[in-house]
Amino acid sequence: MRYLVMVQGSQADYDAQSGKGSADSPVWDEKAIQAMFAHMGAINDDLAESGELITGYGLKEPAAGRAVSLDGEGRPVVSDGPYSETKELLAGFWVLDCESLERVTEIAARVARCPQPAGAPEYPVLIRPVDGGIDD
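Residue positions within a chain follow its written sequence, with the count starting from 1. Under the rules for a predicted model, residues below a pLDDT of 70 receive no local features and side-chain atom pairs below 80 are neither given nor counted, while totals for whole chains, interfaces and linings still include all residues. Where side-chain values are given, they derive from all heavy atoms of the structure, hydrogens and water being excluded.

Chemist: Please clarify how the sheet that holds strand E5 (residues 89-97) should be interpreted in this entry.
Modeler: Backbone hydrogen bonds are what pair the strands of a sheet, in a parallel or an antiparallel way. We call two strands paired when DSSP finds no fewer than two bridges between them. We count a stretch as a helix when DSSP gives it H or I for four or more residues in a row; a strand needs E for two or more, and each element gets its number in order from the N terminus. One open sheet accounts for four strands, arranged E2-E5-E1-E6; its pairing is antiparallel. Two strands lie at the open edges of the sheet, namely strand E2 (53-58) and strand E6 (126-129), each paired on one side alone. Neighbour-to-neighbour, the strand axes of the sheet open up by a mean angle of 20°, direction not taken into account. Across five bridges, E2 lies against E5 in antiparallel orientation. Convention adopted: a line fitted to C-alpha atoms gives each axis, helices being fitted over their contacting stretch, and angles between N-to-C directions are expressed from 0 to 180 degrees.

Take a look at the structure:
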């Protein structure tokens, strides 16, 4: 079964990782950033070795993105990020091929244990089964 495993973040978290902390997200020093990358890299390596990793990416900050919706006439309305109406956004993801929901839950728990500075916000790691696709 394929699963989408998602980590969340906010623009404030990306800012904190680049040295601009706030009351909601303290500054990450170089040691904390390296610990995060080492933790995530080890997960990626283990998933690749086990054959469970299909793909995965960290995403650029919300300020680099756009939201596209339609107005009442069906014309596109484009909003450049970050999006004030949304607190947490997708920060990264994996698509995994795991034998069970229990296995992917073990992986998500490992992701959730990613080291971070004291006081940094904690977000749940989200799991969604993938329902078909172009390859199926």
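Chemist: What's the story with a nonpolar patch on the surface in this structure? I'm lost.
Modeler: For patch building, the residue pool is restricted to those with more than 30% relative accessible area and no salt bridge; the joining distance is 9 Å between like charges and 5 Å between nonpolar side chains (Val, Leu, Ile, Met, Phe, Trp, Tyr). Only the protein chains shown count as cover for residues, and the accessible areas themselves come from Shrake-Rupley with a 1.4 Å probe. For salt bridges, the criterion is a side-chain nitrogen of Lys or Arg within 4 Å of an Asp or Glu carboxyl oxygen. Taken together, Tyr-57, Leu-59 and Leu-90 make up a surface patch of nonpolar side chains, about 280 Å² in accessible area. In this structure, Leu-90 sits in strand E5.

Chemist: Mind showing me how you'd approach the nonpolar core here?
Modeler: In this structure, Trp-94, Leu-96 and Val-111 are the most contacted members of the largest nonpolar core, which totals 22 residues. The set of elements that each furnish at least two residues to this core consists of strand E1 (2-9), helix H1 (11-17), helix H2 (30-50), E5 and helix H3 (101-112). It is H2 that provides the largest number of residues to this core, a total of six residues. When neighbours within four sequence positions are excluded, Val-111 is seen to be in contact with Val-7, His-39, Met-40, Ile-43, Trp-94 and Val-125. In this description, a nonpolar core means a group of buried Ala, Val, Leu, Ile, Met, Phe, Trp, Tyr and Cys residues linked to one another through side-chain atoms lying within 4.5 Å. Burial status follows relative accessibility: with a 1.4 Å probe on protein chains alone, a residue under 20% of its type maximum counts as buried, one over 50% as exposed, and anything between as partly exposed. It only takes one pair of heavy atoms within 4.5 Å for two residues to be counted as in contact.

Chemist: Can you help me understand the packing of H2 against H3 in this one?
Modeler: For any two helices packed against each other, one specifies the inter-axial angle together with the distance between the axes. Running from amino to carboxyl end, H2 crosses H3 at an angle of 160°, the nearest separation of the two axes being 10 Å. Classified by the angle between their axes, H2 and H3 sit roughly antiparallel to one another. Two secondary-structure elements touch here, H2 through His-39, Met-40, Ala-42, Ile-43, Asp-46 and Leu-47 and H3 through Arg-103, Ile-107, Arg-110 and Val-111. Each residue is assigned to one of three groups, with Ala, Val, Leu, Ile, Met, Phe, Trp, Tyr, Cys and Pro labelled nonpolar, Asp, Glu, Lys and Arg labelled charged, and all others, Gly among them, labelled polar. Along the lines of polarity and charge, the residues of the contact of H2 with H3 split into six nonpolar, one polar and three charged. Oblique is the label for every angle not falling under 35 degrees (roughly parallel), over 145 degrees (roughly antiparallel), or within 65 to 115 degrees (roughly perpendicular).

Chemist: I'm lost on the confidence of the model for the protein in this one. Help?
Modeler: Segments scoring low in pLDDT should not have their predicted coordinates read at a detailed level. A residue-level look at the protein finds 95% of positions with pLDDT of 70 or above and a mean pLDDT of 92. pLDDT expresses how confident the predictor is about each individual residue, on a scale running from 0 to 100. Put simply, strand E4 (residues 76-80) is where the protein has its lowest mean pLDDT, 89, and H3 is where it has its highest, 98.

Chemist: Got a minute to help me understand the environment of Tyr-14 in this structure?
Modeler: With respect to the helices and strands, Tyr-14 occurs in helix H1. Of the residues examined, Tyr-14 reaches a relative accessible area of 17% and is grouped as buried. Sequence separation between Tyr-14 and Gly-51 is 37 residues; the distance between their C-alpha atoms is 30 Å. Each residue touching Tyr-14, except ones within four places of it in the same chain, is listed here: Leu-59, Lys-60, Glu-61, Pro-62, Leu-90 and Ala-91. Here a polar contact means two N or O atoms within 3.5 Å. Within protein one must be a hydrogen donor candidate and the other an acceptor candidate, and residues neighboring in sequence count only if both atoms are side-chain atoms. Reaching out from Tyr-14, the side chain makes a polar contact with the backbone oxygen of Ala-91 at a distance of 3.4 Å.

Chemist: Just to check I follow, could you spell out the state of the cysteines for this structure?
Modeler: Two cysteines, two sulfur atoms, one covalent bond between them: this is a disulfide. Criterion for a disulfide: a pair of cysteine sulfur atoms at a distance within 2.5 Å. Throughout the structure, instances matching the rule amount to zero disulfides. No disulfide involves Cys-98; its sulfur sits 19 Å from the nearest other cysteine sulfur, which is in Cys-114.

Chemist: Just to check I follow, could you spell out H3 for this structure?
Modeler: For an α-helix, the turn length of 3.6 residues means that residues three or four places apart are oriented alike. Take the residue count of a helix, subtract one, and multiply by 1.5 Å to get its expected span. With 12 residues, H3 ought to run about 16 Å at 1.5 Å a step, and its terminal C-alpha atoms sit 16 Å apart, in line with that. Buried within H3 are the following residues: Val-104, Ile-107, Ala-108 and Val-111. Take H3 and look down its axis: the buried residues cluster within an arc of 100°, on one side only. Every exposed residue of H3 that faces more than 90 degrees away from the buried side is listed here: Glu-102 and Ala-112. To obtain the arc, one takes the directions from the helix axis to the C-beta atoms.

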